Amino acid sequence: MKIDKKCLIEAVINELKRQESEIENSLKATRKAAIEAPGAMQSKSDTTKFQMNILSDTLRATISEKKNAISILSAFPESQLKLLNSVQIGAIVELQKNKENFYFYFVLPEGGGVEVKYDTKRITIITPKTPIARSLIGKNEGDLVEFKTPTGIIQEIKIISIQ
């Protein structure tokens, strides 16, 4: 089954926008909590204000990353969405782990970790920064690929198809 990559990128962008909105709401609540938290003059041992400010900084950075990913994917060149013979940016890869476990990954420059549904399939976005993408790039259908997970486990997967 051929997957419409433009439609899939739109779904990824929509999911990133949804996540960005959710994080912005969390940021507003965190800022409010920081403002309402007792300061150092009120309580010497309460670090809530300090911790809320650190959390706010982290949330702002995450929002910035989401905005950047949305911008990059919105300008993603259609020429990189053609049918591909090997795994590279723009490829949708069907992998098999074990005999009954099949997974779909879409290799994109940004948006890693986002999952979207397409038809009945769940497709996970991976970027070249991830261990699995680094192991897959340049490989072909039928190849067996080993990669090391972030937890240090070595897994073997088979490339079933590339689009």
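Every chain is numbered independently, its residues counted from 1 as its sequence is written. In keeping with the predicted nature of the model, local features appear solely for residues at pLDDT of at least 70, side-chain atom pairs appear and are counted solely at 80 or more, and the whole-chain, interface and lining totals rest on all residues. Hydrogens and water molecules were not included; the side-chain quantities draw on all heavy atoms of the structure.

Trainee: Explain the overall build of the protein chain to me, and be specific about the residues and the numbers.
Mentor: Helix and strand definitions here come from DSSP, where helices need a minimum of 4 consecutive H or I residues and strands a minimum of 2 consecutive E residues; each element is numbered from the N-terminal end. Looking only at helices and strands, the protein chain has three helices and six strands in total. Taken from the N to the C terminus, the helices and strands of the protein chain come in the order α-α-β-β-β-β-α-β-β. Against the 2.2 N^0.38 benchmark of 15 Å for 163 residues, the protein chain shows a C-alpha radius of gyration of 20 Å, more extended than a compact globule. In terms of principal-axis extent, the alpha carbons of the protein chain reach across some 65 × 35 × 25 Å. The burial tally for the protein chain puts 40% of its 163 residues in the buried class. By definition, residues are in contact when any of their heavy atoms lie within 4.5 Å. In the protein chain, 51% of the contacts between residues at least 6 apart in sequence involve partners at least 24 apart. Approximately 9,800 Å² of the protein chain is accessible, and the part contributed by carbon and sulfur atoms is 51%. When charges are counted, Lys and Arg are positive and Asp and Glu negative, with His and the chain ends excluded. Here the site of a charge means NZ on Lys, CZ on Arg, CG on Asp, or CD on Glu. For the protein chain, the distance from the average site of its 24 positive side-chain charges to the average site of its 20 negative ones is 3 Å. The reference for a compact globule is 2.2 Å times residues^0.38; the radius of gyration itself is calculated from the C-alpha atoms. Think of it in three bands: with a 1.4 Å probe and only protein chains considered, a residue is buried below 20% of the maximum accessible area for its type, exposed above 50%, and partly exposed in between. Each accessible area is a Shrake-Rupley result for a 1.4 Å probe, and residues are judged covered by the shown protein chains and nothing else.

Trainee: Mind laying out the pairing of strand β2 (residues 101-107), listing which residues take part and the relevant values?
Mentor: Pairing between strands is defined by DSSP: at least two bridges between the two strands are required. The pairing of strand β1 (residues 92-97) with β2 spans six bridges and is classified as antiparallel. Within β2, the residue paired with K97 across the bridge is N101. Where β1 hands over to β2, the hairpin turn is made up of three residues, of which N98 adopts a positive phi near 65°.

Trainee: Can you explain the side chain of Q96? Please cite residues and give values.
Mentor: Tracing the backbone shows Q96 in strand β1. Polar contact criterion, stated in full: a pair of N or O atoms within 3.5 Å, where within protein one must be able to donate a hydrogen and the other to accept it, and residues adjacent in sequence count only if both atoms are side-chain atoms. Within the structure, the side chain of Q96 is placed 3.0 Å from the backbone oxygen of K99, a separation counted as a polar contact. With residues up to four places along the chain from it excluded, the contact list for Q96 reads N101, F102, I157, K158 and I160.

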